[in-house]
Amino acid sequence: MPTITESDFATQVKSSNFKNAYFIYGEEKYLVGHYTRLLTDKILPGRCNNSFNLQNFSSSDLDIDALNSAVEALPLMAPFKCVRIFDLNLEKEPLDTVKKLKEIIADIPETTVLIISFPNLNLDLKRSSRFSSFVKFFEKYGEILNLQALSKPKLQRQIIKWAEKLSCKLCEKNAQLIIDKCGNNLLVLKNDIEKLCAYANGAEITSQIIDEIVVCNFEANVFELTKAIMAKNCDRAFEILDILLFKKEEPIAVLSVMASNYIDMYRVNAALQSGRSIQDVAEIFDYKRKMFRLESAQAQLRYNANLKKSLRVCIDLLTKTDVMLKSSRMDPKILLEKLIVKLILC
């Protein structure tokens, strides 16, 4: 499915060479919101941005007749009018509403720019025939911008750039440390960069400052738990487990993330033994922009030679514990502690 690139989109916005319709969605919700605002501000700069020239709609209260009137109306003392629809849930909209919406899109006046943006709603075009069909139709009349999660190098560059704008220095190593602790959600990363810069007060953001200020997200904590197990550090593994359970994290969710780490390693190991690469694994198992998981798995296998021989046993232990967590009345903490000991002894 052809889509416009971020570079082409930026060129259109910069040159004010707007299309009459935009469909902005994707995995990275921060970028969806950012590009929607960027486009809106360029269409309606300064005094042009008023309640008449900018009208917003959402799926929860979509009045198709009011939308049609908004799209058809001429701008007031401005070259364009901007109409935005947020989180349009086509699965819940009546078929006659969707039909009318397509008619509106097919006949947008030259003075109107329609933006359909998804800052919160997640789309799966492969599973939703209605969305897939709508996007295919939309291609004929407007631009489609699909914003996926950034790769690790791009994430590093982005948060370093944010730190520089706030007059703080951040090296690549410490940028990666922040990503390891926070994950790859740009909204979370931006919030933590702002906190770190406020604390650093114009100085360099060091690893010590990061350790003091940044709180690990759930997946990062479980990843640290897995690393402690592989390092045979029982005390550290129990300490992290206590932290997770103190935060009221679900034991089944903890086990699920642990299992995903071991499955990543199993897949990488199987690929390498077969003369394949981690890029092949990413393509076969659809890791998309999550190559960092496979890179981490490869690094763990490199430093834990004995682990390769015990991966099947470890996955079997994880599977049995999962069954017990879901079917027995034993204390989940005890089950997870027993699992940790068994995994360390593998």
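The preceding data block contains the structure.
Treat the numbers as computed from the prediction; the structure is a model and nothing was measured. (Residues numbered from 1 in each chain as written. Predicted model: local features only at pLDDT ≥ 70, side-chain atom pairs only at ≥ 80, totals over all residues. Heavy atoms only, no water.)

Caption draft 1: Highlighting helix 15 (residues 307-327). Taking 1.5 Å per residue as the helical rise, helix 15 with its 21 residues ought to reach 30 Å, and the 29 Å between its terminal C-alpha atoms agrees with that figure. The largest bend along helix 15 measures about 30° and falls at Val313. Regarding helix 15, the residues found buried are Leu307, Ser310, Leu311, Cys314, Leu317, Leu318, Thr321 and Leu325. (Helix = DSSP H or I, 4+ residues; strand = E, 2+ residues; numbered from the N terminus. Expected span 1.5 Å × (residues − 1). Bend = angle between axes of the 7 residues up to and from the residue. Buried < 20%, exposed > 50% of the residue type's maximum accessible area, 1.4 Å probe, protein only.)

Caption draft 2: Quick peek at the side chain of Asn269. Structurally, the position occupied by Asn269 is in helix 12 (residues 251-273). Apart from residues lying up to four places away in sequence, Asn269 is in contact with Leu301, Lys308 and Leu311. (Contact = heavy atoms within 4.5 Å.)

Caption draft 3: Highlighting the pairing of strand 2 (residues 54-58). Bridge count between strand 2 and strand 3 (residues 81-86): five bridges; the pairing is parallel. Opposite Ser58, over in strand 3, you have Phe86 as the bridge partner. After leaving strand 2, the chain enters helix 3 (residues 64-72) and then returns to the sheet as strand 3, a path that is right-handed. (Pairing = 2+ DSSP bridges. Right-handed = clockwise from strand over helix to strand, strands pointing away.)

Caption draft 4: Structural detail: the sheet that holds strand 3. The strand order 2-3-4-1-5 describes an open sheet built from five strands, whose pairing is parallel. Single-partner strands in this sheet number two, and they are strand 2 and strand 5 (143-146). Neighbour-to-neighbour, the strand axes of the sheet open up by a mean angle of 15°, direction not taken into account. Lying over the sheet, helix 2 (residues 29-43) contacts strand 1 (21-25), strand 2, strand 3, strand 4 (112-117) and strand 5, oriented at roughly 170° with respect to strand 4. (Axes fitted to C-alpha atoms, helices over the stretch in contact; angles between N-to-C directions.)

Caption draft 5: The pattern of salt bridges, seen in detail. Applying the stated criterion across every chain yields a total of twelve salt bridges. One salt bridge in this structure joins Arg236 and Glu239, with 3.3 Å as the shortest N-O distance. In this pair, Arg236 and Glu239 are both assigned in helix 11 (residues 234-246), three residues apart and thus about one turn of the helix distant. Residue class for Arg236 comes out partly exposed when judged on its relative accessible area of 33%. Take Glu239: its relative accessible area is 42%, and that puts it in the partly exposed class. Here the residues in one salt-bridge network are Asp242, Lys333 and Glu337, joined through shared partners. (Salt bridge = Lys/Arg side-chain N within 4 Å of Asp/Glu carboxyl O.)

Caption draft 6: Spatial organisation of the packing of aromatic side chains. The final tally for this structure, using the stated rule, is twelve aromatic pairs. Arranged with centres 5.9 Å apart and planes meeting at 90°, the rings of Phe9 and Tyr22 form a pair that is edge-to-face. One end of the pair, Phe9, is in helix 1 (residues 6-15); the other, Tyr22, is in strand 1, and 13 residues separate them in sequence. On the basis of relative accessibility, which here comes to 0%, the residue Phe9 falls in the buried class. The structure contains a cluster of three or more aromatic residues connected by ring pairs, namely Phe23, Tyr25, Phe118, Phe131, Phe134, Phe137, Phe138 and Tyr141. Positioned over the ring face of Trp162 is Lys190, at 5.8 Å from the centre of the ring. The ring of Phe285 is capped by Arg267, whose NZ or CZ atom sits 4.0 Å from the centre of that ring. (Phe/Tyr/Trp six-rings, centres within 6.5 Å; stacked < 30°, edge-to-face > 60°. Lys NZ or Arg CZ within 6 Å of the ring centre and 35° of its normal.)

Caption draft 7: Representation of the packing of helix 6 (residues 152-165) against helix 7 (residues 172-182). Contact pair helix 6 / helix 7: the axes reach a minimum separation of 9 Å and the direction vectors enclose 105°. Relative to helix 7, helix 6 is oriented roughly perpendicular. Facing helix 6, whose interface residues are Lys152, Leu155, Gln156, Ile159 and Ile160, helix 7 presents Glu172, Ala175, Gln176, Ile178 and Ile179. (Parallel < 35°, antiparallel > 145°, perpendicular 65-115°, else oblique.)

Caption draft 8: How the structure looks around the packing of helix 6 against helix 8 (residues 186-200). At a minimum axis separation of 10 Å, helix 6 and helix 8 run at an interaxial angle of 35°. The hand of the helix 6/helix 8 crossing is right-handed. Residue-level inspection shows Leu155, Gln158, Ile159, Trp162 and Ala163 of helix 6 in contact with helix 8, the latter providing Leu186, Leu189, Lys190, Ile193 and Cys197. In terms of residue class, the contact of helix 6 with helix 8 is built from eight nonpolar, one polar and one charged. (Left-handed = near helix turned anticlockwise from the far one by under 90°. Nonpolar A, V, L, I, M, F, W, Y, C, P; charged D, E, K, R; others polar.)

Caption draft 9: Highlighting the side chain of Asp87. Within the secondary structure, Asp87 is located in the loop between strand 3 and helix 4 (95-105). Lys29 is the oppositely charged side chain nearest to the buried, salt-bridge-free Asp87, at an N-O distance of 5.9 Å. In terms of polar contacts, Asp87 uses its side chain to reach the side chain of Asn120, at 3.0 Å. Sequence-distant contacts of Asp87, that is, excluding residues within four places in its chain, are made with Ser59, Ser117, Phe118, Pro119, Asn120 and Leu121. (Lys, Arg positive; Asp, Glu negative; His and termini not counted. Polar contact = N/O pair within 3.5 Å; in protein donor to acceptor, adjacent residues only side chain to side chain.)

Caption draft 10: Highlighting unusual backbone geometry. Positive phi values are uncommon outside glycine, yet Ser16 reaches one of about 60°. The phi angle at Met77 is positive, at roughly 55°, despite the residue not being glycine. Within the fold, Met77 resides in the loop between helix 3 and strand 3. For Met77, a relative accessible area of 78% translates into the label exposed.

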